[in-house]
Every structure is written in structure tokens, then in C-alpha cells.
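In case you want the letters, here they are:
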Amino acid sequence: MALCTFSFSGNFNRTVASDLLKNSPFSSHVSAGANLRSQFQRKHNQVKRKPGGVWASPSERGDYHSRSPPTPLLDTINYPIHMKNLSLKELKQLADELRSDVIFNVSKTGGHLGSSLGVVELTVALHYVFNAPQDRILWDVGHQSYPHKILTGRRDKMHTIRQTNGLSGFTKRSESEYDCFGTGHSSTTISAGLGMAVGRDLKGKKNHVVAVIGDGAMTAGQAYEAMNNAGYLDSDMIVILNDNKQVSLPTANLDGPIPPVGALSRALSRLQSNRPLRELREVAKGVTKQIGGPMHELAAKFDEYARGMISGSGSTLFEELGLYYIGPVDGHSIDDLVAILKEVKSTKTTGPVLIHVVTEKGRGYPYAEKAADKYHGVTKFDPATGKQFKPSPKTQSYTTYFAEALIAEAEADKDIVAIHAAMGGGTGLNLFLRRFPTRCFDVGIAEQHGVTFAAGLACEGLKPFCAIYSSFLQRAYDQVVHDVDLQKLPVRFAMDRAGLVGADGPTHCGSFDVTYMACLPNMVVMAPSDEAELFHMVATAAAIDDRPSCFRYPRGNGVGVKLPPGNKGIPLEVGKGRVLIEGERVAVLGYGTAVQSCLAAAALVETHGLRITIADARFCKPLDHALIRNLAKSHEVLITVEEGSIGGFGSHVAQFMALNGFLDGSLKWRPVVLPDRYIDHGSPADQLAQAGLTPSHIAATVFNVLGQTREALEIMS
């Protein structure tokens with residue numbers, strides 16, 4: 001592939017180049033190469049340089065606007081086509097206005113801030129050079145897509161982002177033709193982009209495909225599977241590696257941001273730091289175009305050697321996979337980005353190209369720059385001070401309670417270890433890490449590896465707790481089945497964000513975990529109804545050492561019940577539920593935190609003169625057969641309630657009752673579950689109402705089954 005590669009890293013170090021090249025066959029061409037490169041040299045903004053080669057911004061003075069500044073240029077841009085005639089100077093102004101627009105919009109709604117601020121210049125350059133939506137631009141994860149949304153016809157709707165009936169916080173195909181692929185989970189865009197590129201080729205089209213993926217997402221195996229296949233298929237596509245030296249997730253420990261884990265992060269750091277050798281490589285690239293015949297192969301070898309000198313193995317890693325590597329490039333220089341994207345676009349390439357772009361998460365907003373981990377996802381905040389308007393709840397989050405419970409167990413048992421997939425902050429395991437730094441493992445965004453890694457730990461007699469969001473564990477289901485459950489290894493799965501999750505919407509909704517875990521023959525499946533029960537279930541999982549187990553808990557805060565002394569739970573009898581309210585005629589059997597809605601429904605029903613039974617199942621597998629028998633025999637109606645999909649807890653109860661003849665007589669059974677559709681982002685209250693899982697809906701179900709429709713209507717009104 002004939003492609004001229006550029007690295008815009010500042011003034012060319014002629015002394016270094018001269019010393020390294022004086023004895024090479026290229027020495028007579030140094031001048032020509034330097035002149036070729038100078039055609040594309042751009043003058044950087046004269047601001048302070050930060051370590052690592054990223055330009056610092058004037059906002060480091062520590063001030064920011066209290067009111068949204070004028071945006072005269074952005075006001076003229078409704079779609080990318082309106083950018084095409086802008087000068088480079090105007091593009092820089094557009095980027096500044098776009099950045100402030102993101103800040104002030106997110107300050108009013110909350111949302112993903114730091115990752116969006118880091119790609120403002122990249123977004124402007126991409127939409128200036130390429131012709132979306134004909135050219136496909138994919139944003140991995142999608143939480144950095146706010147600037148993209150503003151430039152693609154959605155600026156007037158940004159005040160609705162992540163709200164009921166508003167814009168999604170991620171890219172979403174049904175929202176805009178400019179969102180060519182829906183995201184929310186990481187590391188998918190190279191695979192999807194490759195599919196689009198091959199589809200384009202099969203249909204004889206000529207459009208471009210650009211996949212933007214972060215260095216954190218590059219820790220996932222799927223990204224490498226896709227690059228490997230891209231190198232083999234050799235279809236033209238562009239992969240932009242957005243390298244901000246931090247996983248774009250709430251992964252900070254208590255002392256500050258955590259960089260991406262693994263050898264790739266170290267390789268990227270080496271690539272960024274070796275400026276003189278990058279410049280030498282540019283000379284070689286320039287010279288290559290001046291040399292023909294037998295010298296061309298030698299020039300290519302020298303180029304490869306230069307890459308090896310730069311990174312040790314960094315750029316050659318991508319090239320061994322079959323991607324032509326370009327970079328590192330300053331991701332906040334409009335000049336550099338536009339020049340190199342134009343060059344790549346116009347070159348008649350054969351195969352995939354990877355452009356390594358170095359950016360700064362939170363760029364241009366002083367409070368985000370100083371603490372990028374805190375400004376990944378923000379609540380509403382004051383732009384002038386950066387102060388977030390966070391509520392002061394009376395209780396802590398279930399996530400924090402889980403971490404405290406696990407720490408208490410680990411204090412008493414040195415074999416307990418914790419694993420998470422680049423989510424130390426999101427899972428609460430940053431707290432565990434501080435207390436037990438050698439017993440907490442961040443495997444990167446690599447859930448598949450994390451689960452099998454935990455299985456290996458279990459083989460050696462350790463007691464691994466694998467803390468992964470319910471929706472993210474879906475990514476590792478084969479490993480759960482084949483590597484853990486089939487071998488009956490005692491791995492404990494702590495499934496956070498179970499049930500509806502509010503503003504993050506269906507990509508992060510934990511709808512399916514009960515269904516996909518409870519169908520496994522060896523798995524113990526449980527769910528706490530409140531925070532005290534969560535402490536007991538952590539203790540229960542720690543005590544189960546002959547098979548795998550899991551427990552789910554929601555996003556949000558506890559209900560305020562008394563916690564066990566010293567945060568140390570007491571192991572529960574496996575497969576044993578409990579009755580909370582003794583009533584008559586109707587029994588409501590709840591699973592997980594849906595039990596709280598069942599209790600509230602009982603209070604509503606009681607105002608109409610009916611006292612119903614409320615039971616907490618605790619376990620989906622094994623079921624409490626004795627409890628279900630008792631409820632079925634002593635009530636006219638049995639209603640199961642769960643915040644999960646069809647095929648979950650209620651289905652297991654129905655299976656047991658059907659096999660034991662309880663549904664052959666007069667007993668009426670009704671399941672209350674999530675509807676068989678995806679529920680869009682919105683407030684938790686709105687989502688529960690859409691799902692039919694509010695206390696009012698449960699109470700109305702009670703009266704409808706009893707034939708008391710008037711009472712049901714009264715409750716719903």
C-alpha cells in the first residue's frame with residue numbers, strides 16, 4: 001500500500017536524524033525527505049506542553065465561563081455539509097464553540113462529559129473531511145458522541161439527552177441516519193466497521209468507513225479479533241485509536257484515575273514518548289517516495305526498523321495484524337488531523353489503516369482536566385465552579401454496600417479475591433483494592449477473560465468474586481457455562497445494575513441475568529430484597545464452595561434497613577425464602593428488590609380492605625419448594641413479581657407448580673415481569689411505569705385477578 005505517513009510532533013530534530021542516518025543509504029536524501037515532510041508541517045498553538053506529548057489548554061488557569069459564550073459559527077452549522085467551506089481557522093473556532101456547547105448542555109442534564117470533551121477536534125475533523133452519512137463513522141461505546149450529535153442535526157434536542165423520550169446517551173440507529181451503528185458496550189466498532197466495509201465492497205460502493213475506538217476498549221479481545229480479520233480480508237477501512245491514557249469508564253481508584261491495564265497501554269506510552277525516532281521515521285517515509293528500483297525494498301525495511309525502534313513492538317503489533325499504522329498524532333490539532341485524514345482519504349489504499357490519535361479526556365474544561373475520572377459521567381453541575389448538584393441520600397448505593405460486605409468477608413478469609421473488568425469505580429471494588437491491593441484484579445474490558453481467569457483462581461483453592469454489570473456479563477456467557485458451571489467451579493458472580501437502570505437505557509439494563517443464570521444446572525441464583533439481605537448473600541456466596549453462585553442487585557440506593565454488625569453478613573440457608581406479611585386469598589411472591597414494590601402494593605391493597613401475603617423468595621435456584629407449596633395451597637391467587645425478563649424467576653416457579661399439579665385446580669397464577677421489549681432510557685420512575693412494575697400496577701393486578709376491576713381502576717388512577 002502506498003501511503004505517505006505523517007507524525008506531527010513539533011520541530012524536526014535534524015541533529016538526531018543526521019546522527020542516525022549519516023551511515024545509511026538514505027543520507028543523500030535527508031534534505032529531500034525533510035522538505036517533503038515540511039509541506040505538511042503545521043504550527044501548533046503556543047501553549048504549555050504537558051508530559052506525554054499532549055498539549056495543555058489555557059483552561060488550566062482554573063477559570064471557566066459562568067454563562068454560555070456566544071457561538072456564532074456553530075449557530076450556522078446544522079449538519080456536516082455546512083462545515084465544508086470553512087477554513088482551518090474557522091474549524092478551530094468551531095471546535096472551541098462546540099466544546100463550550102457540550103459543557104453547558106451537559107451542565108443542565110448530566111451525562112458523559114469527559115470523554116466527549118476529549119474528541120471535539122477529532123469530531124470536527126472527521127465531519128469536515130468525510131461525507132457522513134454516506135461515509136460511515138462509528139463511535140465505540142458511544143458516550144463520546146455528544147459533539148457528533150450536535151453537528152448532525154440534534155443540537156436543539158441536546159437538553160433532552162438521557163431523559164424520557166429524549167436523545168440517547170449513545171449512538172442509536174433509530175435516532176439519526178448519522179448514527180450508522182448503535183453502541184453502549186465497548187470494543188464493537190472495528191467488527192461492525194469491517195462488516196460495513198466488506199458489505200460496501202460486495203455492493204460495489206466507494207464510501208469510506210471510519211471506526212473510532214478508545215485505548216480502554218482496545219483491552220477487549222473482540223477488538224483484536226476484528227483487527228486480525230480486517231488484516232486478512234484487506235478491505236479498506238480506517239481505525240482511529242483514541243488514546244487518552246485512561247479507560248473511558250468510571251474506573252478510578254480512591255487516589256485518582258487508573259490508566260488502561262496491560263501491555264498495550266505500556267506500548268502506546270512508548271509510542272508517544274519517542275519523538276526523535278518518530279521524526280526520523282518521517283524522513284524515511286519521505287525518502288521512500290524519492291527512491292525507486294532496488295532501493296525501495298531497503299527503504300521499506302528501514303521504515304519497519306524505525307517503527308521497531310520507536311515502540312519496541314507497539315506499531316509493529318498493529319502491522320503484524322495487517323493494519324497500516326500512522327501516528328502518534330496530536331488529537332487536539334485541527335491542522336494535523338485534517339491534513340492526515342485528507343491524506344488517508346485521498347490515497348488509493350488497499351487494506352485497513354490505523355491512526356493513533358493522542359487526546360486528553362476532559363479537554364478544555366479545567367475541572368474535568370484535573371479529575372477526569374470524576375467527570376466521566378456527571379450530574380447537573382455549575383460550569384463556573386464545576387460543582388455537581390448531587391443529592392445527599394440517607395443511604396449508600398447497593399454497589400457500596402456490596403463492596404463493604406466483601407471487604408468484611410475478605411478480612412476473615414484470606415482466600416477471597418475480587419475481579420472486575422475495568423470497572424473498579426462502577427463496581428465499588430476500588431474500595432476493596434485500597435484495603436487488599438494484592439487481592440483485587442482489573443482484567444481490562446475483557447469479561448470473557450475475567451470469568452475464565454476467576455475459574456483458574458478457583459481451581460487453586462481461592463474464592464473469587466467476579467463483579468460485573470448484569471448487561472456486561474452477557475459478553476462472557478460461554479465462559480460462565482463452559483468454564484465455570486460445567487466444571488462446577490465455585491466462582492461467585494456479583495451482578496451489579498440488575499433490572500432497569502434509568503438514563504443509560506437498554507444497553508445497560510440488567511434484564512436477562514436471572515433467565516440466563518438460572519437455566520444452568522449447577523448455579524445457585526439469589527437476589528436480595530434490601531441492603532441487609534445483600535450483606536447476607538455476600539456471606540452466603542463466600543460460604544458456598546462446591547459450586548458456582550450469583551446474586552444480583554440494582555443501581556440505586558438502599559432502603560434504610562438496619563445493617564448487620566460490623567458489616568458481616570450471616571450465611572443464609574440455601575434455597576430458603578421467607579414470609580414478610582401473612583394475609584389471605586392472594587399471595588405475592590417477590591424476587592430481589594421488587595419485593596419492596598410488593599410491600600408497597602400490599603399497603604395500597606389494604607386501603608381497600610384486603611390484606612394479602614407477601615413473601616421474599618430470596619432464591620430462584622434452588623427454589624424454596626416448601627414455601628411455594630404452602631402459598632399455593634393456602635391462597636386463591638399466586639402472583640410472582642420480578643424486575644427481569646420473561647423466562648426468569650416466575651417461569652421457574654410455574655415449572656415447579658405445573659410439574660406438581662398446583663395449576664391443575666383452582667389456583668390462579670400471574671407473572672409480573674419486564675415486558676418482552678426493550679425499554680428506552682428515562683427516569684427510573686418512568687421506566688417502572690412503562691414496565692408495569694410500580695406498586696400500583698402490582699396492586700391493580702391483585703384486584704384484576706380477583707375480578708374487582710373497579711378497585712383496580714381506582715388504584716391506577
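Small disclaimer: the values here were computed from a predicted structure and weren't measured.

Caption draft 1: Molecular detail of the overall build of the protein. When helices and strands are counted, the protein shows 28 helices and 19 strands. Counting over 717 residues, the protein shows a buried share of 59%. Looking at the protein alone, contacts between residues at least 24 apart form 78% of all its contacts between residues at least 6 apart. As presented, the protein carries roughly 28100 Å² of accessible surface, and 52% of it is formed by carbon and sulfur atoms.

Caption draft 2: Structural context of the sheet that holds strand 19 (residues 668-672). Read across the sheet, five strands follow the order 14-16-15-18-19 without closing on themselves; strand pairing throughout is mixed. Two strands bound the open sheet, and with one partner strand each, they are strand 14 (578-581) and strand 19. This sheet shows a mean twist of 25° between the axes of neighbouring strands, independent of strand direction.

Caption draft 3: Broad picture of the nonpolar core. Counting 57 residues, the largest nonpolar core has L113, L126, I240, I355 and Y365 as the members making the most contacts within it. Ranked by residue count, the leading element in this core is helix 3 (residues 88-109), at eight residues. Of all hydrophobic cores here, the second largest spans 50 residues; its members include F472, Y516, A615 and A617.

Caption draft 4: Representation of unusual backbone geometry. The step from G327 to P328 runs through a cis peptide bond, and the omega angle for that step is -5°. With respect to the helices and strands, P328 occurs in strand 5 (residues 324-330). Residue P622 follows K621 across a cis peptide bond; omega there is -5°. Here P622 is to be found in the loop between strand 17 (619-621) and helix 24 (625-634). The phi angle at V141 is positive, at roughly 70°, despite the residue not being glycine. For V141, the position within the fold is in the loop between strand 2 (136-139) and helix 6 (146-154). Look at V141 and you get buried, because its relative accessible area is 9%. Backbone geometry places K488, a non-glycine residue, at a positive phi of 55°. Looking at where K488 falls in the secondary structure, it is placed in the loop between helix 20 (477-485) and strand 11 (492-496).

Caption draft 5: Local environment of the pairing of strand 3 (residues 209-214). The element strand 3 is largely enclosed, with a buried count of six among its six residues. Of the two faces of strand 3, the one lined by V209, A211 and I213 and the one lined by V210, V212 and G214 are each fully buried. Each parallel crossover has a hand, and for strand 3 linked through helix 8 (residues 221-233) to strand 4 (residues 237-243) it is right-handed.

Caption draft 6: How the structure looks around the packing of aromatic side chains. Applying the stated criterion across every chain, the model contains 18 aromatic pairs. When the centroid spacing of 6.0 Å and the interplanar angle of 5° are considered together, the rings of F318 and Y325 count as stacked. Both residues of the pair, F318 and Y325, belong to the buried class. A centroid spacing of 6.3 Å and a plane angle of 85° characterise the contact between F512 and Y678, whose relative ring orientation is edge-to-face. Taken together, the positions of F512 in the loop between strand 11 and helix 21 (513-518) and Y678 in the loop between strand 19 and helix 26 (684-691) put the pair 166 residues apart, joining distant regions of the chain. For Y678, a relative accessible area of 60% translates into the label exposed. An aromatic cluster is defined as three or more aromatic residues linked by ring pairs; in this entry it consists of Y64, F104, Y365, Y367, Y375 and F381. The side chain of R439 reaches across the aromatic face of F436, ending 4.3 Å from its centre.

Caption draft 7: Highlighting helix 24. For helix 24, the complete set of buried residues consists of L627, I628, L631 and A632. All buried residues of helix 24 lie within an arc of 125° about the axis, which places them on one face of the element. Summarising the contacts, the buried residues of helix 24 are in contact with strand 14, strand 15 (586-590), strand 16 (613-616), strand 18 (637-641) and helix 25 (649-659).

Caption draft 8: Structural context of the packing of helix 3 against helix 13 (residues 334-346). Look at helix 3 against helix 13: their axes get within 10 Å of each other, and the N-to-C directions meet at 120°. In this structure, helix 3 crosses over helix 13, and the sense of that crossing is right-handed. Residues L88, L91, K92 and A95 of helix 3 touch helix 13, and the partners they reach there are I334, D335 and V338.

Caption draft 9: Broad picture of the side chain of R618. Looking at the element boundaries, R618 is found in the loop between strand 16 and strand 17. Note on R618: relative accessible area 14%, which makes it buried. Here the side chain of R618 touches E533 through a polar contact of 2.7 Å, side chain to side chain. Setting aside residues no more than four positions away along its own chain, R618 makes contact with V525, M526, A527, E533, M537, L572, K576, G577, R578 and Y591.

Caption draft 10: Representation of the pattern of salt bridges within the structure. Evaluated as defined, the whole model comprises 27 salt bridges. Between E175 and R154 there is a salt bridge whose closest N-O contact spans 2.7 Å. Placement of E175 in the loop between helix 6 and helix 7 (189-202) and of R154 in helix 6 is noted, with a sequence separation of 21 residues between them. The buried category is assigned to R154, whose relative accessible area is 4%. Taken together, the shared-partner salt bridges connect D530, E533, R578, D616 and R618 into one network.

Caption draft 11: Seen up close, the environment of D336. Residue position: D336 is located in helix 13. The exposure class of D336 is buried, given its relative accessible area of 0%.

Here is what the cut-offs are and how they apply
Residues numbered from 1 in each chain as written. Predicted model: local features only at pLDDT ≥ 70, side-chain atom pairs only at ≥ 80, totals over all residues. Heavy atoms only, no water. Helix = DSSP H or I, 4+ residues; strand = E, 2+ residues; numbered from the N terminus. Buried < 20%, exposed > 50% of the residue type's maximum accessible area, 1.4 Å probe, protein only. Contact = heavy atoms within 4.5 Å. Areas by Shrake-Rupley, 256 points an atom, 1.4 Å probe, with all protein chains shown as cover. Pairing = 2+ DSSP bridges. Axes fitted to C-alpha atoms, helices over the stretch in contact; angles between N-to-C directions. Core = buried A, V, L, I, M, F, W, Y, C linked by side-chain atoms within 4.5 Å. Right-handed = clockwise from strand over helix to strand, strands pointing away. Phe/Tyr/Trp six-rings, centres within 6.5 Å; stacked < 30°, edge-to-face > 60°. Lys NZ or Arg CZ within 6 Å of the ring centre and 35° of its normal. Arc of directions from axis to C-beta. Left-handed = near helix turned anticlockwise from the far one by under 90°. Polar contact = N/O pair within 3.5 Å; in protein donor to acceptor, adjacent residues only side chain to side chain. Salt bridge = Lys/Arg side-chain N within 4 Å of Asp/Glu carboxyl O.

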